[in-house]
Each structure stands twice: as C-alpha cells, then as structure tokens.
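# Architecture at a glance
Chain by chain, the residues:
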Amino acid sequence: MMTATSELTRQHCFFEGRVQGVGFRYTTRNIAINYNVSGFVRNLPDGRVELVAEGPENEVSAFVDAVSSRMGRYISGVSYKDELPLGDYPHFSIAR
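All figures in this text were calculated on a predicted structure; none of them were measured in a lab.

### A word on the overall build of the protein
When helices and strands are tallied, the protein shows two helices and five strands. When the helices and strands of the protein are read in sequence order from the N terminus, they spell out β-α-β-β-α-β-β. Taking the principal axes of the C-alpha coordinates as reference, the protein spans close to 40 × 20 × 20 Å. Split into buried and exposed, the 96 residues of the protein put 40% on the buried side. Taking contacts inside the protein between residues at least 6 apart in sequence as the whole, the part at least 24 apart equals 79%.

Structure, rendered in structure tokens:
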C-alpha cells in the first residue's frame, strides 16, 4: 500500500457552486478508485460539498486536481486546508 518513504498528508476541501444533485459525490468516489487515497465526500446542509482525502502527498494532490478538473463546470469556488494525516479512514467513501 503506502511505502515508508511516502510523505503522507490530508487535504480538507469545500466545493461551492452547483455541486449538489449533479453526481459530484459518486463521481468523486469513482475517481478515488484510481488513487491511493482514503477519506470521504459528503453534501453539507449549506449546499457545499466537503471532501477529505488522505494518503501520499502526490496521490492526494493528483486526486483533488482530478476531481476539480472533472467537476469544474459545477464548481464556483473551493477552499483547501492541509491537515495532519490521522489514518482515520480505511478507504474512500461517500458519507451521509
């Protein structure tokens, strides 16, 4: 899975725009399959989508870039926060 030389990171993202009701969560989960990341994606009551991704720094960065690129037409704003990886998530899932 992750090598000892991999620099682990966690990125916490909030996507704004028309991001609910457009398959954002399912698309994000399907993109995650191609990356060595764990975490979750979920809709928030205020209309945003929250994404937490943890794994090797290069994998997390590429994954978030892929989500932003694939869903870009629905996104009007995004905020990113780097956090310490905690290993809380065994895989990537859609949270409810």
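### With respect to the sheet that holds strand β5 (residues 92-94)
Pairing is mixed in the open sheet, where five strands are placed in the order β4-β1-β3-β2-β5. With partners counted over all chains shown, the strands left at the sheet margins are β4 (75-83) and β5, one partner each. For this sheet, the mean inter-axis angle between neighbouring strands, taken without regard to orientation, is 15 degrees. One ladder, built from three bridges, connects strand β2 (residues 38-43) with β5; its direction is parallel. Each bridged residue has a counterpart across the sheet, and for Gly-39 the counterpart in β5 is Phe-92.

### Digging into helix α2 (residues 57-70)
In this model α2 runs 20 Å from its N-terminal to its C-terminal C-alpha over 14 residues, within 8% of the 20 Å that 1.5 Å per residue would give. For α2, every residue scored as buried is listed here: Val-60, Phe-63, Val-64 and Val-67. Projected onto a plane normal to the axis of α2, the buried residues spread over an arc of 95 degrees and lie on a single side. Exposed residues lying more than 90 degrees from the buried face of α2 are Asn-58, Ser-69 and Arg-70. Its buried side turned inward, α2 meets β1 (8-17), α1 (24-32), β3 (49-56), β4 and β5.

### Description of the pairing of β2
Two strands pair when backbone bridges link them, and β2 and β3 are joined in this way by six bridges, in the antiparallel orientation. Pairing of Phe-40 across the sheet is with Val-52, part of β3. The loop that links β2 with its antiparallel partner β3 comprises five residues; one of these, Gly-47, has a positive phi angle of about 95 degrees.

Conventions and cut-offs
Residues numbered from 1 in each chain as written. Predicted model: local features only at pLDDT ≥ 70, side-chain atom pairs only at ≥ 80, totals over all residues. Heavy atoms only, no water. Helix = DSSP H or I, 4+ residues; strand = E, 2+ residues; numbered from the N terminus. Buried < 20%, exposed > 50% of the residue type's maximum accessible area, 1.4 Å probe, protein only. Contact = heavy atoms within 4.5 Å. Pairing = 2+ DSSP bridges. Axes fitted to C-alpha atoms, helices over the stretch in contact; angles between N-to-C directions. Expected span 1.5 Å × (residues − 1). Arc of directions from axis to C-beta.

Geometry only, nothing functional implied.
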